[in-house]
Amino acid sequence: MSNVKLYCDALPNIPWQDKPADATMPVWRYDDNPIIRRNPLPGVARIFNSAVMPYQGAYIGVFRGEQTNGIPFIYLGHSQDGIHWTFDADKIPFVDEKGEPFMPPYAYDPRLVKVEDTYYIIWCQDFYGASIGIAKTTDFKTFTRIENPFVPFNRNAVLFPRKIGGMYTLLSRPSDSGHTPFGDIFLSQSPDMEFWGHHRHVMGKSGNWWENVKIGGGAAPIETSEGWLMFYHGVTGTCNGFVYSIGGAILDRDEPSRVLYRCSTFLLTPEKDYEERGFVPNVCFPCATLQDADTGRIAIYYGCADSYVGLAFTTVDEVVDYIKANSVTNETDRELGRR
Ligand code: BMA
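Just so you know, these numbers come straight off a predicted model, no measurement behind them. Here, residues in each chain are numbered from 1, in the same order as that chain's written sequence. Confidence filtering applies because this is a predicted model: local features only for residues at pLDDT of at least 70, side-chain atom pairs given and counted only at 80 or more, and all residues used for totals across whole chains, interfaces and linings. The basis for every side-chain value is the complete set of non-hydrogen atoms in the structure, without hydrogens or water.

Draft legend 1. Local environment of the site of the ligand. For each residue, the test is whether any non-hydrogen atom lies within 4 Å of the molecule or strand; if one does, the residue is near. For the ligand, the full set of nearby residues is Asn49, Arg64, Tyr108, Asp109, Tyr244, Val280, Val283, Phe285 and Asp306. Here a polar contact is taken to be a pair of N or O atoms separated by no more than 3.5 Å, where protein atoms must pair a possible hydrogen donor with a possible acceptor and residues adjacent in sequence count only if both atoms sit in side chains. The separation between an oxygen atom of the ligand and a polar side-chain atom of Asn49 is 2.9 Å. Arg64 places a polar side-chain atom, nitrogen or oxygen, 2.7 Å from an oxygen atom of the ligand. In isolation the ligand has 310 Å² of accessible area, and contact with the protein removes 86% of it. Gly is placed with the polar residues, together with every amino acid not listed as nonpolar (Ala, Val, Leu, Ile, Met, Phe, Trp, Tyr, Cys and Pro) or charged (Asp, Glu, Lys and Arg). Residues of the shell around the ligand, tallied by class, amount to five nonpolar, one polar and three charged. In short, Shrake-Rupley with a 1.4 Å probe defines the accessible areas, and a residue's cover is counted only from the protein chains shown.

And the structure:
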């Protein structure tokens, strides 16, 4: 039993490996990473930046599949253990509200979040420029797109797993249409998943060098007794391009645009071959977690070098303690974020 309470279901079959004795950080890697390797299915060269959930005693996921023509779409995957995955041969066939085929021109970086009885897939797509797409499903057979929440340009949208103050709550990262050289995390709310407002600033890049260019939402925030535990990505620039690391913050449970704690160090940064070398080198890009209320165990799924999916582990006690012990917040973190 953990000291910090996780407000989620028990997940006794969560993928897990104990912390190695020589680990120096609160997040450690699965020793057989990457769990999804190149050419995972015919017509798809790479799967990365993908999200998973428990489903019917096993696991289900939505995967960014870079097709052999270079265009990304979202593929459904299944797993008994959360580690070994099989994928549908064809990309998810999204439909509109009338049930007619309605595919975006491309779709990438999907997140998967259940709110009440509905599963939502949120991704980045072309809406006359990079923007957010959303679809819903209750059975993983019919995937119905709903209205796009925002005008371009925006990426990295992540839904909270429950309504807050009676409203659906979504994090996003306004951007440009290219390899955005800026970016803060904002929060928006909606009574119906269609009309979005009550926009708030959550947090921006920091003075810490590992996240001094831009940041963006990662996995769906995890509700704990200390606040919403958020794994996100932070980006720095080098003479050889961006480096993406995983950061951690804790948001106020009732007013999640207020950052209570923000870790001044990264939690995971590219250092393994499969993170440092690939289609885009030096990328650790978290998109999902699994958590077990009984043990406090957390499994983090992250894209590696835009080429693979990796798995890392922590516990809620260990990571919350570390974030709090290393927290530095500034005024724009702590404030409500309304101007
Ligand atoms: C971002 C997104 C991610 C990608 C990252 C590194 O802008 O496009 O999908 O992993 O760049 O290339």
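Continuing now.
Draft legend 2. The arrangement of the environment of Leu76 in detail. By the element assignment, Leu76 lies in strand β4 (residues 72–79). Residue Leu76 is classed as buried on the basis of its relative accessible area, which comes to 3%. Counting from the N terminus, the helices are the DSSP runs of H or I reaching at least four residues and the strands are the DSSP runs of E reaching at least two. Buried, partly exposed and exposed residues are distinguished by accessible area as a fraction of the type maximum, computed with a 1.4 Å probe on protein chains only: under 20%, between the cut-offs, and over 50%, respectively.

Draft legend 3. Fine view of the packing of aromatic side chains. Classification of ring pairs rests on two measures: the distance between centres of Phe, Tyr or Trp rings, Trp counted by its six-membered ring, which must be within 6.5 Å, and the angle between planes, read as stacked under 30 degrees, edge-to-face over 60 and tilted in between. Under the definition given, this model contains 20 aromatic pairs. On the numbers, 6.2 Å between centres and 35 degrees between planes, the contact of Trp210 with Tyr232 is tilted. Of the two residues, Trp210 is situated in the loop between β13 (197–203) and β14 (214–217) and Tyr232 in strand β16 (residues 227–238); the sequence distance between them amounts to 22 residues. Cluster of aromatic residues (ring-pair linked, three or more members): Tyr55, Phe94, Tyr119, Trp123, Phe140 and Phe143. Here Arg145 stacks its cationic end above the ring of Phe102, 3.9 Å away from the centre of that ring. Look at NZ for Lys and CZ for Arg. If either is within 6 Å of the ring centre and within 35 degrees of the ring normal, a charge sits over the ring.

Draft legend 4. Broad picture of helix α2 (residues 316–325). Those residues of α2 that sit buried are Val316, Asp317, Val319, Val320, Tyr322 and Ile323. Here a residue-residue contact requires only that any non-hydrogen atoms of the pair lie within 4.5 Å. Taken together, the buried residues of α2 touch β15 (222–224), β16, β17 (241–251), β18 (259–262), β20 (297–304) and β21 (308–315).

Draft legend 5. Representation of a negative patch on the surface within the structure. Patch membership is restricted to residues that have no salt bridge and whose relative accessible area is over 30%. Joining uses 9 Å for like charges and 5 Å for the nonpolar side chains Val, Leu, Ile, Met, Phe, Trp and Tyr. Every case where a carboxyl oxygen of Asp or Glu lies within 4 Å of a side-chain nitrogen of Lys or Arg is listed as a salt bridge. Note that His is not counted, nor are the chain ends; the positive residues are Lys and Arg, and the negative ones are Asp and Glu. In this description, the location of a charge corresponds to atom NZ of lysine, CZ of arginine, CG of aspartate or CD of glutamate. A contiguous patch of negative charge on the surface is contributed by Glu97, Glu147, Asp192 and Glu194. Relative to the helices and strands, Glu147 resides in the loop between β9 (144–146) and β10 (154–159).

Draft legend 6. Representation of the sheet that holds strand β12 (residues 185–190). The strand order across the open sheet built from four strands is β10-β11-β12-β13, with neighbouring strands paired in antiparallel fashion. The strands lining the two open edges of the sheet, one partner per strand, are β10 and β13. In this sheet, neighbouring strand axes are inclined to one another by 30 degrees on average, regardless of whether the strands run parallel or antiparallel. When DSSP finds two or more bridges between two strands, those strands count as paired. Structural elements are reduced to axes, namely lines fitted to C-alpha atoms, with helices fitted over the stretch in contact, and the angle between N-to-C directions of any two is expressed from 0 to 180 degrees.

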